[in-house]
Amino acid sequence: MGVMKPWHIILLVVVLVLLFGAKRLPDAARSLGRSLRIIKAETKGLVDDGNDNLAEKSDAQHSRQPLQGEVQQPGQPQAQPGYQQPPAQPYVDPVQRTNDH
C-alpha cells in the first residue's frame, strides 16, 4: 500500500469518529459527494460554455459595424442642456474621521 499502512487508516478512522461522532460521518461523506458532483458538473458546463463562446465570438466578428457619432473621452461628463453638475464634496480621510470621533 505504499506510505499508508493499514494501521494508519484505522487510526485515521478512529480519530474521525472521535472528532465528529458516528452519526455525523455518513452525512458528511454524503454532502462531500454531492459537492464533488456539483463541482464536476459546473466545470464541465464551463468547458462547454467556453467552446460555445468561441464559436459565437468568431461569428460576431463578421457582423460588427463601426460606431457612428461622437466619441466621448473617459472621465469627461456629457453635456446635457439644463443640467447643472452638483457641487463637489470635500474629500474626508476615513482614518482621520474615525480618529476625530
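This one's a predicted model, so the numbers in the text were calculated from it and none came from an experiment. Positions within a chain are numbered from 1, following the residues in the order the chain's sequence is written. Only residues with pLDDT of 70 or above have their local features reported here, since the model is predicted, and side-chain atom pairs are shown and tallied only from 80 upward, although totals for entire chains, interfaces and linings are computed over all residues. Excluding hydrogens and water, the side-chain values take into account all heavy atoms of the structure.

Counting from the N terminus, the helices are DSSP H or I runs at least four residues long and the strands are E runs at least two residues long. Scanning the protein from N- to C-terminus turns up three helices and zero strands. Listed N to C, the secondary structure of the protein is α-α-α in terms of helices and strands.

A pairing counts as a salt bridge when a side-chain nitrogen of Lys or Arg comes within 4 Å of a carboxyl oxygen of Asp or Glu. Following the criterion strictly, the structure yields one salt bridge and no others. Measuring nitrogen to oxygen at the nearest pair gives 2.8 Å for the salt bridge that ties Arg-30 to Asp-27. On the criterion of helical spacing, the pair formed by Arg-30 and Asp-27 is a turn pair, its members being three residues apart in helix H2 (residues 24-60). Only protein chains enter the accessibility calculation, which uses a 1.4 Å probe. A residue is then buried if its area is under 20% of the maximum for its type, exposed if over 50%, and partly exposed in between. Overall, Asp-27 belongs to the partly exposed group, its relative accessible area being 45%.

Bringing the confidence of the model for the protein into the picture now. As a per-residue measure, pLDDT tells how confident the predictor is, with possible values from 0 to 100. Summary statistics for the protein give a mean pLDDT of 75 and a share of 59% for residues scoring 70 or more. In the model of the protein, helix H3 (residues 94-100) stands out as the element of lowest mean pLDDT, 71, in contrast to helix H1 (residues 6-20), which has the highest, 89.

So, about a nonpolar patch on the surface. What makes a patch is a set of residues exposed beyond 30% relative accessible area and free of salt bridges, joined within 9 Å when like-charged and within 5 Å when nonpolar (Val, Leu, Ile, Met, Phe, Trp, Tyr). All accessibility values rest on the Shrake-Rupley procedure with a 1.4 Å probe; residue burial counts only the protein chains present in the view. Judged by side-chain polarity, Met-4, Trp-7, Ile-9, Leu-11, Leu-12, Val-13, Val-15, Leu-16, Val-17, Leu-19 and Phe-20 come together as a nonpolar surface patch covering roughly 1000 Å² of accessible area. Along the chain, Met-4 turns up in the segment before H1. Overall, Met-4 belongs to the partly exposed group, its relative accessible area being 39%.

Our next topic: H1. In this scheme, a helix's expected span is set at 1.5 Å multiplied by one less than its residue total. Helix length check: H1 (15 residues) gives 21 Å between terminal C-alpha atoms against 21 Å at 1.5 Å per residue, within 8%. Backbone geometry just after H1 places Gly-21 at a positive phi near 90 degrees.

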